[in-house]
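Fold and geometry: a report
Residue strings, one per chain:
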Protein chains: 2
Amino acid sequence: MKLSKKNLGDRLNHVYDVIIVGGGAGGLSAAIYLQRYRLSCLVVEKGKGRSFWMQDLRNYLGLPPTTPGRDLLNQGQEHALSLGADHLRGYVESVEDEGDTFAVKVKVGKTDSAYPVFRSRYVIAASGIIDHLPHLENMQNVYDYAGYNLHVCMICDGYEMADKRCGLFVNSEGNINTAFVLNWFTPYITVFTQGLFEVSLEMRKKLRDHGYPLVELPIKRFLGQDNEMTGVELIDGSVVPLETGLVAMGSHYFNEYLQGLPLEWKGNNLVTDSMCRTSHPRLFALGDLKDGINQVAIAVADGALAATAIWRETRRAAPPRLWEEHLEPHLAESSVPQPAEATS
Amino acid sequence: MKLSKKNLGDRLNHVYDVIIVGGGAGGLSAAIYLQRYRLSCLVVEKGKGRSFWMQDLRNYLGLPPTTPGRDLLNQGQEHALSLGADHLRGYVESVEDEGDTFAVKVKVGKTDSAYPVFRSRYVIAASGIIDHLPHLENMQNVYDYAGYNLHVCMICDGYEMADKRCGLFVNSEGNINTAFVLNWFTPYITVFTQGLFEVSLEMRKKLRDHGYPLVELPIKRFLGQDNEMTGVELIDGSVVPLETGLVAMGSHYFNEYLQGLPLEWKGNNLVTDSMCRTSHPRLFALGDLKDGINQVAIAVADGALAATAIWRETRRAAPPRLWEEHLEPHLAESSVPQPAEATS
């Protein structure tokens with residue numbers, strides 16, 4: 001059920017099988033699988049994650065390519081709730097390992113916040129990432145285009161950028177190298193650094209050799225209308241016409257609540273095994289938070305894998321269920337078939 | 001585009017980037033990713049695979065839990081075609097490694113068959129499995145219930161069997177062990193061997209200790225109506241009432257066309273790396289055909305992984321695309337923005 005400040009008290013004496021941090025594609029898929037494995041779970045969702053911002057989910061089997069990411073999330077949340085999952089809008093502040101259980105402290109509500117602590121045997125970290133965006137004075141101007149034709153994921157949207165005049169927005173020399181992958185889709189690339197860092201002579205030469213202009217002046221604003229970005233105005237008033245853009249400025253990883261735990265990291269990503277288990281035997285990591293490619297389809301499969309690993313372990317530790325007649329639900333008289341009644 | 005005997009001739013001189021054997025969840029997901037990576041692919045689909053038979057796809061994020069498997073396949077096929085994938089109804093007879101390319105021989109049409117040979121740089125084996133079903137004189141009687149409440153996948157449908165009186169249909173002593181996993185969902189299990197094999201004394205005792213009846217008489221027919229199986233009639237006319245059933249009789253693996261290639265197998269499954277690459281560097285395997293759990297979500301992610309690995313390799317081998325002005329598409333005059341026109 002949906003939990004809120006008003007009704008969450010009922011759950012504070014309960015030990016969930018699993019608390020899932022993050023209600024994106026991975027977390028919701030895990031919740032669906034766990035509930036179907038007859039395990040109990042609580043999804044804690046802070047809201048507005050990366051898939052929430054996707055205007056078109058163009059590469060996920062089964063949904064039309066114009067499906068917004070939030071439709072996937074709404075459907076998944078309804079699906080998980082229908083199977084008995086608990087769902088709470090809140091922000092996980094910390095996860096403490098108590099030996100057999102985890103204590104998960106959640107901030108609920110932006111004002112008059114409550115700080116309930118929930119307990120579970122396992123934790124699934126599915127809190128994902130969010131992309132850094134160019135920082136302009138008027139951020140609404142950035143949000144008007146981000147997720148539309150100002151993209152953040154080349155695998156997701158390279159196809160939409162094909163052979164278009166594309167701005168590549170970066171905040172480090174390393175990220176300029178994105179240009180030399182992006183050029184699989186389009187070679188009409190202008191690199192914008194906003195003057196945030198010094199570009200090496202070697203990189204300048206490489207860009208020149210490829211014919212990719214380098215623009216170092218800060219950006220005043222994106223130009224366009226109806227969420228269609230058509231160029232960039234620089235602080236000197238000059239305009240660079242564009243047809244699309246890719247932001248490659250790194251991401252913020254929502255992993256602060258894990259910092260107290262002894263986990264193996266690869267950069268900002270958690271290292272996991274083939275079932276998404278981290279180096280902590282009761283902690284799993286999914287999707288963008290773990291090492292691998294950041295795709296909805298991958299996160300959804302990760303949810304299935306982690307849930308299956310937890311189910312297997314829980315099942316193997318449980319006593320076998322015997323057929324004990326006194327416990328058996330009564331088989332309705334009318335449902336007992338007779339051969340004469342059979343229709344096939 | 002959709003290929004058929006009439007128009008496939010156009011494609012016989014073409015070398016596809018990838019030929020995908022199987023148009024199920026994994027194959028279609030791969031096709032969508034490959035086309036979005038601007039690689040060319042042909043999907044060869046024999047029809048009526050495992051997901052085609054699923055009446056309800058209950059655990060796939062984004063789709064209502066009553067979505068039939070064939071809806072997913074229809075949507076995916078339309079999606080892949082819209083991106084320019086080729087799709088052919090046919091049966092892959094053989095795959096021959098020619099060094100840089102594979103020659104893929106397809107049987108098209110059940111009568112007056114054609115046997116075209118297509119070529120590609122990579123092959124993705126996504127041809128899946130199909131479950132063995134109890135063999136009765138009237139197979140239509142089995143098809144009336146299989147995929148409804150006579151299930152073939154415990155992970156998919158264990159939830160629907162919970163605490164119900166369940167028939168477990170097996171064809172080997174090893175498969176009887178399924179009962180001791182199934183009892184996580186329900187302990188009201190009757191095991192049906194149809195007398196196909198001798199059950200050991202040890203297994204008889206184990207079943208007795210759990211309270212699970214063992215029925216060795218051959219089955220005459222399933223009873224029920226409107227695709228709802230309500231029991232089994234044995235050849236002696238006796239009736240065993242049931243509320244649901246699980247068939248655990250193994251599967252047929254559609255991998256005959258791979259037998260000539262030197263590949264690493266684990267039983268009937270292909271061994272793959274984390275990107276679904278087999279021991280052959282240009283051959284990938286997805287979903288049920290590879291080692292792992294057999295789930296739509298996994299196959300869909302596998303398609304994304306294999307396509308990404310193939311794209312990376314192809315891209316790295318390609319010359320870099322430079323911004324050459326004489327090749328650039330003309331930017332429409334009207335689309336060049338002026339600061340004064342900007343709306344945000």
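Quick caveat, the model's predicted, so the values are computed rather than measured. (Residues numbered from 1 in each chain as written. Chains lettered and ligands numbered in written order. Predicted model: local features only at pLDDT ≥ 70, side-chain atom pairs only at ≥ 80, totals over all residues. Heavy atoms only, no water.)

1. Considerations on the sheet that holds strand β14 (residues 228–234) of chain A
Residues and elements named next belong to chain A. Pairing is antiparallel across the open sheet formed by three strands, whose spatial order is β13-β14-β15. Each edge of the sheet is formed by a strand with only one pairing partner; in this case those strands are β13 (219–225) and β15 (239–241). On average, adjacent strands in this sheet sit at an angle of 30° to one another, irrespective of strand direction. Of the strand pairs in this sheet, β14 and β15 are connected by three bridges, and their pairing is antiparallel. Within β15, the position partnered with Val232 by the bridge is Val240. (Pairing = 2+ DSSP bridges. Helix = DSSP H or I, 4+ residues; strand = E, 2+ residues; numbered from the N terminus. Axes fitted to C-alpha atoms, helices over the stretch in contact; angles between N-to-C directions.)

2. Side note on the pairing of β14 of chain A
Residues and elements named next belong to chain A. Taking burial as the measure, the seven residues of β14 include five buried ones, the bulk of the element. In this structure, β13 lies alongside β14, joined through six bridges in antiparallel fashion. Along β14, the bridge assignment pairs Leu223 with Gly231. Hairpin remark: β13 followed by β14, antiparallel, with two residues in the connecting loop; positive phi at Asp226, about 50°. Where β14 folds back onto β15 in an antiparallel hairpin, the turn is made up of four residues, including Gly237, whose phi is positive at roughly 90°. (Buried < 20%, exposed > 50% of the residue type's maximum accessible area, 1.4 Å probe, protein only.)

3. Regarding the relation of the copies chain A and chain B
When chain A is fitted onto chain B, the two copies agree to an RMSD of 0.0 Å after a turn of 180° and an axial shift of 0.0 Å. With respect to symmetry, the two chain copies, as superposed, fit the operation of a two-fold axis. Minimal C-alpha distance to the rotation axis in chain A is attained by Ala301 of chain A, lying at 3.1 Å. The residues that chain A uses at the interface reappear at the interface of chain B in 100% of cases, marking a shared surface. (Least-squares fit on C-alpha atoms with pLDDT ≥ 70 in both. Contact = heavy atoms within 4.5 Å.)

4. A short note on helix α3 (residues 69–82) of chain A
Count 3.6 residues to each turn of an α-helix, and residues three or four apart come out pointing the same way. Taking 1.5 Å per residue, 14 residues should reach 20 Å; α3 of chain A reaches 20 Å between its end C-alpha atoms and fits that length. Once α3 of chain A finishes, Gly84 of chain A follows within two positions and takes phi at roughly 100°, a positive value. (Expected span 1.5 Å × (residues − 1).)

5. Things to note about the sheet that holds strand β16 (residues 244–248) of chain B
Residue and element names in this part refer to chain B. With respect to topology, five strands assemble into an open sheet ordered β9-β16-β10-β11-β12, the strand pairing being parallel. Looking at which strands have only one partner, the edges of the open sheet turn out to be β9 (150–151) and β12 (214–215). Relative to β16, β9 is paired through two bridges, and the arrangement is parallel. Note on β16: the bridge partner recorded for His151 is Leu246. Its contacts with the sheet put helix α4 (residues 154–161) on β9, β10 (166–170) and β16, and the angle it makes with β16 is roughly 160°.

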